[in-house]
Amino acid sequence: MKTKTWHITARNERDWHIEEKGELLIRFDYRDDAIREAARRAQAHEAEGEPAHLVIHRLDGSIERELHFGRPSFRPRP
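Below or above, wherever it landed, is the structure these notes cover. Counting restarts for each chain, with residues numbered from 1 along the sequence as it is written. Selection of residues for local features in this predicted model requires a pLDDT of at least 70, selection of side-chain atom pairs for listing and counting requires 80 or more, and totals for whole chains, interfaces and linings are taken over all residues. Hydrogens and waters are ignored; side-chain quantities use all the structure's heavy atoms.

1. Some details on the environment of Leu 54
Consideration 1: Numbering goes from the N terminus for both helices and strands, where a helix is a DSSP run of H or I of at least four residues and a strand is a run of E of at least two. Mapping Leu 54 onto the fold places it in strand β4 (residues 52–57).
Consideration 2: For Leu 54, a relative accessible area of 0% translates into the label buried.
Consideration 3: In this structure the C-alpha to C-alpha distance between Leu 54 and Ile 8, which are 46 residues apart in sequence, comes to 7.5 Å.
Consideration 4: Residues are treated as being in contact if the distance between any of their heavy atoms lies within 4.5 Å. Ignoring anything within four residues of it in the chain, the contact list for Leu 54 reads Trp 6, Ala 38, Ala 39, Ala 42, Arg 65, Glu 66, Leu 67 and Phe 69. When a residue's accessible area, from a 1.4 Å probe over protein chains only, is under 20% of the maximum for its type it is buried; when over 50% it is exposed; and in between it is partly exposed.

See below:
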């Protein structure tokens, strides 16, 4: 079971994106709208029994925070 990861990134203050594997999925004018939609997608993915991960970036591209939904995709070695 592989974790699905979405990134919330910005080109400028009014151009926020949800990206997966470097590909643009959807664009928003407001950061909060992008975060809400990405969280909705992650929760829906989690409800299907699959883990999800959101990476929320600041305007400068640095990572502000990460959110995990469901169980992680890695397993400790025995």
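Having seen it, we continue.
2. Describing the sheet that holds strand β2 (residues 15–20)
Consideration 1: Pairing between two strands is assigned when DSSP locates at least 2 bridges connecting them. The strand order across the open sheet built from five strands is β3-β2-β1-β4-β5, with neighbouring strands paired in mixed fashion. Strands with a single pairing partner mark the edges of an open sheet, and in this sheet they are β3 (23–28) and β5 (63–69). Between one strand and the next, the sheet's axes are offset by a mean angle of 20°, whatever the strand orientation.
Consideration 2: The pairing of strand β1 (residues 4–12) with β2 spans five bridges and is antiparallel. Think of each axis as a best-fit line through the C-alpha atoms, taken over the contacting stretch in the case of a helix, with angles from 0 to 180 degrees between the N-to-C directions.

3. Points about the pairing of β1
Consideration 1: As paired elements, β1 and β4 share five bridges and run parallel to each other. Bridge pairing in β4 links Ile 8 to Ile 56.
Consideration 2: Linking β1 to β2, which pair antiparallel, is a turn of two residues.

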